[in-house]
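Letter by letter, the chains look like this.
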Amino acid sequence: MQDIRGNAIIKWVTVILDWVLACCLLSVFDEIFPQYATSSAMNGSKSEMVILLMSIIIATFMFPTVIHRRKMKVGTIVKRNAFLSLTTMIIFISTCRVMSSSGNYIVFGVVYGFTLWLSIMTLRFFERSLIRYFRSQGRNSRTLVFLGNDPANLIVYNELMADPATGYRVLGYFSDSVIENAPASLPKIGSRDDFRKLMADYANCGLVFEELYCSLSHSEAEELRQIMQFCDKNVIRFFYVPRIFSNLQLSLSPEKFGDTVIFTNHHEPLMLLGNRIMKRLFDIAFSATVLVMLSPLFPILALIIKMQSKGPVFFKQLRTGLNGESFMCYKFRSMHVNADADRVQATKHDPRKFPFGEFMRKTNLDELPQFLNVLKGDMSIVGPRPHMIFHTEKYSALIGKYMVRHFSKPGITGYAQVTGFRGETEELWQMEGRIQKDIWYIENWSMWLDIKIIFKTALTIIFPDKAAY
């Protein structure tokens, strides 16, 4: 109840601060741009402020503040505040228009609405910082315990503790054995029998918590049912944490199948048709633009390649693509023609490379022909890098989740390449790290993420990656 009251206070204080900010901006706006002022049309600023307050309250009911929520992404806050500002201005301008026909409301709405959104966003980050501070001091917090020693509980614990703004206080966990690598801040506070005794006499146990995160085997269905009944009876929020069986196990995501909720071990935003269309249109527009702009460069590169090394200008190689199907990948040739091209990765001081070829590899210029692959539909601008067939056969036998990366089209650049997993994979852990990054990208794809990866890749042309050889 304290948590509910605390969050209610946060929400109403936020509404009041939004109104005060909006009124201050309106007063300043009326002074600086009197030709667009609505106060004269509304017979005074008091009527204007009342209408603005009404508009903000209605908009807040439609798009309530989410800054009090304990796990909230910045992007969600930005988007909701954009809708809040837009709705406020539509209601405000519409009401003013009904009450008075004078005033340039369209210009006012566009300029003032955009200014209001930027101002509210600044206020939100300030409010979020205050909430983070108070929760780090133990106020407006929620108390929880874990049940079970599965590593999945440790992952949830690390997520909850990563941001002080969540305001969680973890008392510990109940289990018959310890959680490996658990920090001192996550102590074992009892066994499974101790938790059963707690359920039998919760009122007198001396341990009060508001949330329970449970990671037990499905074979213990009856005990799980009893635990959920205990939580319902004592107003404790119950969360089931799917167990993890290996480091590369993907998180289970719920999906509706008729009236039944099922879980899948991989969730792909690109399974949605709208996302695939958006990504494909971006790929076509971007790759066509690059090819047109850089087409004068192609003959120059081809000439230098021919001058430094005998053989074809382009290097063609079968690589593994979407759904594990192979395709012909194109590059500017950066090595002398050799018999190991389809089996051996390039190394730092590889004698097969000629001088200009090494420069192209460091600056990604050798990848330019792959924009043709993008236009053909074999590749995307961003995605897991396509591997040669030999590596697919080798690593799919060594890494259990290796083939999951092929649920997405391969890319000219990828999330793994801009986060430290580019270049030669001398040891197995390096390829495992690359696969983990590829899978993370597939599960967390967004258009904004693609743009960030493209920007980071572009920087390597100016500041070459040391791992690029």
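Residues numbered from 1 in each chain as written. Predicted model: local features only at pLDDT ≥ 70, side-chain atom pairs only at ≥ 80, totals over all residues. Heavy atoms only, no water.

A few words on the overall build of the chain. Helix and strand content of the chain: 14 helices and eleven strands. Across the 469 residues that make up the chain, the buried fraction comes to 45%. Here the contacts in the chain between residues at least 6 apart in sequence split such that 70% fall between residues at least 24 apart. Surface exposure of the chain reaches about 25200 Å², of which carbon and sulfur atoms provide 63%. (Helix = DSSP H or I, 4+ residues; strand = E, 2+ residues; numbered from the N terminus. Buried < 20%, exposed > 50% of the residue type's maximum accessible area, 1.4 Å probe, protein only. Contact = heavy atoms within 4.5 Å. Areas by Shrake-Rupley, 256 points an atom, 1.4 Å probe, with all protein chains shown as cover.)

So, about the side chain of Arg333. Among the structural elements, Arg333 can be located in the loop between strand 9 (326-332) and helix 10 (355-363). For the buried Arg333, no salt bridge exists, and the shortest N-O distance to an oppositely charged side chain is 11 Å, to Asp366. In this structure the side chain of Arg333 is engaged in a polar contact, spanning 3.4 Å, whose partner is the backbone oxygen of Gly311. Here Pro312 takes part through its backbone oxygen, which lies 2.5 Å from a polar atom of the side chain of Arg333. The contacts of Arg333, once residues within four sequence positions are left out, are Ile305, Ser309, Lys310, Gly311, Pro312, Val313, Phe314, Phe315, Phe354 and Met360. (Lys, Arg positive; Asp, Glu negative; His and termini not counted. Salt bridge = Lys/Arg side-chain N within 4 Å of Asp/Glu carboxyl O. Polar contact = N/O pair within 3.5 Å; in protein donor to acceptor, adjacent residues only side chain to side chain.)

Attention shifts here to the pairing of strand 5 (residues 237-240). Along any regular strand, the residues point their side chains to alternate faces of the sheet. Here four bridges tie strand 4 (residues 211-214) to strand 5, and the two strands are oriented parallel to one another. Residue Cys214 lies in a different strand from strand 5, and its bridge partner there is Tyr240. Read from strand 4 through helix 7 (residues 221-233) to strand 5, the crossover connection turns out right-handed. (Pairing = 2+ DSSP bridges. Right-handed = clockwise from strand over helix to strand, strands pointing away.)

Turning our eyes to something else, we now look at the packing of aromatic side chains. Each aromatic ring pair is specified by the distance between its two centres and by the angle formed by the two planes. Evaluation of the coordinates by the stated rule reveals 14 aromatic pairs. Measuring from ring centre to ring centre gives 6.1 Å for Phe195 and Phe230, while their planes differ by 80 degrees; the resulting arrangement is edge-to-face. Residue Phe195 is located in helix 6 (residues 192-200), and its partner Phe230 is located in helix 7; the two are separated by 35 residues in the primary sequence. Taken together, Phe174, Phe195, Tyr202, Phe209 and Phe230 form an aromatic cluster joined through their ring pairs. (Phe/Tyr/Trp six-rings, centres within 6.5 Å; stacked < 30°, edge-to-face > 60°.)

Close contact between helix 6 and helix 7 brings their axes to 11 Å; oriented N to C, the two are set at 40 degrees. What the angle tells us is that helix 6 and helix 7 run oblique. Crossing of helix 6 over helix 7 shows left-handed handedness. Residues Arg192, Phe195, Arg196, Leu198 and Met199 of helix 6 touch helix 7, and the partners they reach there are Glu223, Gln226, Ile227 and Phe230. Split by residue class, the contact of helix 6 with helix 7 holds five nonpolar, one polar and three charged. (Axes fitted to C-alpha atoms, helices over the stretch in contact; angles between N-to-C directions. Parallel < 35°, antiparallel > 145°, perpendicular 65-115°, else oblique. Left-handed = near helix turned anticlockwise from the far one by under 90°. Nonpolar A, V, L, I, M, F, W, Y, C, P; charged D, E, K, R; others polar.)

A pair of packed helices is captured by two measures, namely the crossing angle of their axes and the spacing between those axes. In contact at an axis separation of 8 Å, helix 9 (residues 297-308) and helix 10 are set at 140 degrees when each is read in the N-to-C sense. If you check the angle between helix 9 and helix 10, you find them oblique. For the pair helix 9 and helix 10, contact is made by Leu301, Ile304, Ile305 and Gln308 and by Pro355, Phe356 and Met360, respectively. Looking at the contact of helix 9 with helix 10, its residues break down into six nonpolar, one polar and no charged.

Looking at helix 5 (residues 151-161), one finds that the buried residues are Ala152, Asn153, Leu154, Val156, Tyr157 and Leu160. At its buried positions, helix 5 is contacted by strand 1 (142-147), strand 2 (168-174) and strand 4. Measuring from the backbone nitrogen of Ala152 back to the side-chain oxygen at the start of helix 5 gives 3.0 Å, which picks out Asp150 as the cap.

Turning our eyes to something else, we now look at the pairing of strand 2. Summarising burial for strand 2: five of the seven residues are buried, a large majority. Bridging between strand 1 and strand 2 involves six bridges; their strand directions are parallel. Bridge assignment links Leu144 to a residue of strand 2, and that residue is Val170. Bridge count between strand 2 and strand 3 (residues 188-190): two bridges; the pairing is parallel. Of the residues in strand 3, the one forming a bridge with Tyr173 is Lys188.

Applying the stated criterion across every chain, the model contains twelve salt bridges. Among the salt bridges present, the one from Asp378 reaches Lys376, with a minimum N-O distance of 3.5 Å. Residues Arg405 and Asp438 are paired through a salt bridge, measuring 2.9 Å at the closest nitrogen-oxygen approach. In this pair, Arg405 is assigned in the loop between helix 12 (389-396) and strand 11 (411-413) and Asp438 in helix 13 (residues 428-443), connecting sequence segments 33 residues apart. Each member of the pair, Arg405 as well as Asp438, is classed as buried. Where salt bridges share partners, they join Arg192, Asp193, Arg196, Glu220 and Glu223 into one cluster.

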